[in-house]
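# Commentary on secondary and tertiary structure
Each chain, written out:
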Amino acid sequence: MKILEELGIEPKDIELYKTALTHTSYANEHKCESYERLEYLGDAVLELVMSEYLYNNTDFPEGYMTKMRAHYVCENALYEYSLNFHLNEYLRLGRGEEENGGRLRKVIVADIYEAFAGAIFLDQGIEKAKEFIYKTAIPYVKNPNDIFYDDYKSKLQELVQTDQRGLSYEIVDEQGPAHNKLFTAVVKIDSIVYGKGVAHSKKEAEQEAARNALEKSVGTHD
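Residues numbered from 1 in each chain as written. Predicted model: local features only at pLDDT ≥ 70, side-chain atom pairs only at ≥ 80, totals over all residues. Heavy atoms only, no water.

As a further point, take the packing of helix 8 (residues 106–124) against helix 9 (residues 126–136). Look at helix 8 against helix 9: their axes get within 7 Å of each other, and the N-to-C directions meet at 150°. Taken together, helix 8 and helix 9 sit at an angle that is classed as roughly antiparallel. Residues Tyr 113, Phe 116, Ala 117, Ile 120, Phe 121 and Gln 124 of helix 8 form the contact with helix 9, whose own contacting residues are Ile 126, Lys 128, Ala 129, Phe 132, Ile 133 and Thr 136. Across the contact of helix 8 with helix 9, the residue classes tally to nine nonpolar, two polar and one charged. (Axes fitted to C-alpha atoms, helices over the stretch in contact; angles between N-to-C directions. Helix = DSSP H or I, 4+ residues; strand = E, 2+ residues; numbered from the N terminus. Parallel < 35°, antiparallel > 145°, perpendicular 65-115°, else oblique. Contact = heavy atoms within 4.5 Å. Nonpolar A, V, L, I, M, F, W, Y, C, P; charged D, E, K, R; others polar.)

This is the structure:
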């Protein structure tokens, strides 16, 4: 696997890396394991490495470090890291998912970044996993940019808090097969719907609903 050569990794178990790049659609068709369990592990590895980096390289207070970490481990950030490193080119997708553009679907491309980090951790240990994250993610922390979506939910929360109004999100619709769901979310302020969002994950649908509310009803965003 060329991508492992680029990282200077001689795999002890190549199957781990194949699994990290296997979507549920492919797993269902070929009766093998998908990346979901490795994604769970990689999420923890990424948070640890990012937390350690921020602790050792900044003097920010805990609250601000938490906010920074959230920005650099969100779905949009993972999508960027993964695309930039061409991980999506190695994806194993089911026929339908491939035809429907799954190789560029944000939630899938973001997920395999964490799964790949989890595979490196299991196969090579924490230091190699750290090298991977330092090569692919930390450069974005060192050179901040605004390629990631703003956290619209936080912006909306701050705006609503100043008026002491109630804020809530609700998933009002789910469509499509399990591996390719489309979620519709609404955001309510004092029980009145102010925004609506549609996306392939619940979290992103809520972000879209918050963005919609900020744009048209509650105020303006940057």
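Turning next to unusual backbone geometry. Note on backbone geometry: most residues besides glycine have negative phi, and most peptide bonds are trans. Phi at His 86 is positive, roughly 65°, even though this residue is not glycine. Checked against the element boundaries, His 86 lands in the loop between helix 6 (75–84) and helix 7 (95–99). Accessibility expressed as a relative area gives 41% for His 86, which makes it partly exposed. (Buried < 20%, exposed > 50% of the residue type's maximum accessible area, 1.4 Å probe, protein only.)

So, on to the sheet that holds strand 3 (residues 192–199). Ordered by their spatial adjacency, three strands build an open sheet running 1-2-3, and the pairing between neighbours is antiparallel. The two strands at the open ends of the sheet, each matched to only one other strand, are strand 1 (167–175) and strand 3. Direction aside, the axes of adjacent strands within the sheet are offset by 20° on average. The strands that helix 11 (residues 152–162) touches are strand 1 and strand 2 (182–189); relative to strand 1, the one it contacts most, it runs at about 145°. (Pairing = 2+ DSSP bridges.)

What follows covers the nonpolar core. Within soluble globular proteins, side chains that are nonpolar generally end up buried alongside one another. In this structure, Met 50, Tyr 81, Leu 87, Tyr 113, Phe 116, Phe 132 and Ile 133 are the most contacted members of the largest nonpolar core, which totals 46 residues. If you list the elements that add at least two residues to this core, you get helix 1 (2–6), helix 2 (14–20), helix 4 (36–57), helix 5 (62–72), helix 6, helix 8, helix 9 and helix 10 (138–142). Looking at this core element by element, the count peaks at 11 residues for helix 8. Leu 87 has contacts with Ile 3, Leu 21, Ser 82, Ile 112, Tyr 113, Phe 116 and Phe 132, leaving out every residue within four places of it along the chain. Core analysis: the second largest hydrophobic core is formed by 13 residues, Phe 183, Ala 185, Ile 189 and Ala 213 among them. (Core = buried A, V, L, I, M, F, W, Y, C linked by side-chain atoms within 4.5 Å.)

Time to look at the pairing of strand 3. Alignment of strand 2 against strand 3, held across seven bridges, turns out to be antiparallel. Pairing of Thr 184 across the sheet is with Val 198, part of strand 3. The antiparallel pairing of strand 2 with strand 3 creates a hairpin that spans two residues between the two strands, and Asp 190 there sits at a positive phi of about 50°.

What follows concerns the packing of aromatic side chains. Here the structure, examined in full by the defined rule, presents eight aromatic pairs. Between Tyr 81 and Tyr 140, the ring centres sit 5.1 Å apart and the planes meet at 50°, which makes this aromatic pair tilted. Here Tyr 140 lies in helix 10 and Tyr 81 lies in helix 6, a separation of 59 residues in the sequence. For the pair formed by Tyr 81 and Tyr 140, the shared burial category is buried. An aromatic cluster of at least three residues, connected via ring pairs, comprises Tyr 17, Tyr 81, Phe 85, Tyr 113, Phe 116, Phe 132 and Tyr 140. One Lys or Arg, Lys 106, reaches over the ring of Tyr 79 and ends 5.8 Å from the middle of that ring. Across from the ring centre of Tyr 169, 4.7 Å away, lies the NZ or CZ of Lys 153, which sits over that ring. (Phe/Tyr/Trp six-rings, centres within 6.5 Å; stacked < 30°, edge-to-face > 60°. Lys NZ or Arg CZ within 6 Å of the ring centre and 35° of its normal.)

The analysis is restricted to geometry; functional conclusions fall outside its scope.
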